[in-house]
Amino acid sequence: RAAPKSISTGGGHVVVLLADRTLRIWGHDGWGQVGVGTNGFYYKVPKTPKVTGATGVFAAGNMTVAIKADGSVLWWGSALAEQRNLELGRNHFVPTPLALP
C-alpha cells in the first residue's frame with residue numbers, strides 16, 4: 001500500500017496523490033470530479049481514476065487536475081468555460097488531456 005504524498009480538497013471532494021503516483025478520490029461527484037466515469041453521486045469510499053505517473057494534483061471547486069511526470073496535464077469535472085463548443089466548456093467524467101499552448 002502506497003503512502004500519501006500530497007492531498008488537495010475541492011468543493012466537496014478530496015484527492016490524495018500516493019507515493020506510487022496514483023490517485024484516490026472520494027466525496028461529491030456531481031460533475032464527474034471523482035474521475036471514474038460517473039456523475040451525480042457521493043462516494044464515501046475512495047475511488048481510483050485511471051491516472052498513473054502523477055506528480056501533482058489540484059482540486060478546486062468541482063474539478064480536479066493532475067500533472068504527470070512527462071509534463072502533461074489531465075483535468076476532469078466541471079466545465080472551465082461557458083462556451084459549450086470548446087473542450088474546456090464541457091464537463092468531463094474521466095481524466096482528459098488538457099492541450100497546453
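Predicted, not measured: the structure shown is a model, and the values here were computed from it.

1. A look at the overall build of the chain
- The secondary structure content of the chain amounts to 0 helices and 8 strands.
- Going from the N terminus to the C terminus, the chain shows its helices and strands as β-β-β-β-β-β-β-β.
- At 13 Å, the chain has a C-alpha radius of gyration in line with the 13 Å of a compact globule built from 101 residues.
- For the chain, the spread of C-alpha atoms along the principal axes amounts to about 40 × 30 × 20 Å.
- Counting only residues that meet the buried cut, the chain has 41% of its 101 residues in that class.

2. Points about the sheet that holds strand 1 (residues 4-9)
- If you trace the 4 strands from one edge of the open sheet to the other, you get 1-2-3-4, paired in antiparallel fashion. Each edge of the sheet is formed by a strand with only one pairing partner; in this case those strands are strand 1 and strand 4 (41-47). Pairwise comparison of adjacent strand axes, ignoring direction, gives a mean angle of 15° for this sheet.
- Relative to strand 4, strand 3 (residues 23-29) runs antiparallel, the two sharing 4 bridges. In the strand pairing of strand 4, G27 is matched with Y43.

3. Some words on the pairing of strand 6 (residues 63-68)
- As judged from the 6 bridges shared by strand 5 (residues 54-60) and strand 6, these two strands associate in the antiparallel manner. From the neighbouring strand, F58 faces strand 6, where its bridge partner is V65.
- Between strand 5 and strand 6, which pair antiparallel and follow one another directly, the connecting turn spans 2 residues, one of which, G61, has a positive phi of 55°.
- As defined by bridge partners, strand 6 adjoins strand 7 (residues 73-77) across 5 bridges and the pair is classed as antiparallel. When the sheet's bridge partners are listed, M63 is paired in strand 7 with G77.
- Connecting the antiparallel pair strand 6 and strand 7 is a turn made up of 4 residues, with G71 showing a positive phi of about 90°.

4. Some thoughts on the nonpolar core
- Of all hydrophobic cores here, the largest spans 13 residues; its most connected members are V15, L23, V51 and W76.
- Put simply, the parts of the chain that give this core at least two residues each are strand 2 (13-18), strand 3, strand 5 and strand 7.
- Of all the elements, strand 5 adds the most residues to this core, at 3 residues.

5. Considerations on the packing of aromatic side chains
- Per the counting criterion, the structure on display carries 1 aromatic pair.
- Their ring planes at 35° and their centres at 6.0 Å tell us that F41 and Y43 sit as a pair that is tilted.

6. Quick word on the sheet that holds strand 6
- On the basis of which strands lie adjacent, the open sheet formed by 4 strands has the order 5-6-7-8 and antiparallel pairing. Looking at strand neighbours, the two that pair on one side only are strand 5 and strand 8 (92-97), the edges of this open sheet. Strand after strand, the sheet turns through a mean of 15° between neighbouring axes, direction not considered.

Analysis parameters
Residues numbered from 1 in each chain as written. Predicted model: local features only at pLDDT ≥ 70, side-chain atom pairs only at ≥ 80, totals over all residues. Heavy atoms only, no water. Helix = DSSP H or I, 4+ residues; strand = E, 2+ residues; numbered from the N terminus. Rg over C-alpha atoms; globule rule 2.2 N^0.38 Å. Buried < 20%, exposed > 50% of the residue type's maximum accessible area, 1.4 Å probe, protein only. Pairing = 2+ DSSP bridges. Axes fitted to C-alpha atoms, helices over the stretch in contact; angles between N-to-C directions. Core = buried A, V, L, I, M, F, W, Y, C linked by side-chain atoms within 4.5 Å. Phe/Tyr/Trp six-rings, centres within 6.5 Å; stacked < 30°, edge-to-face > 60°.

Such coordinate-based values are descriptive only and should not be taken to indicate function.
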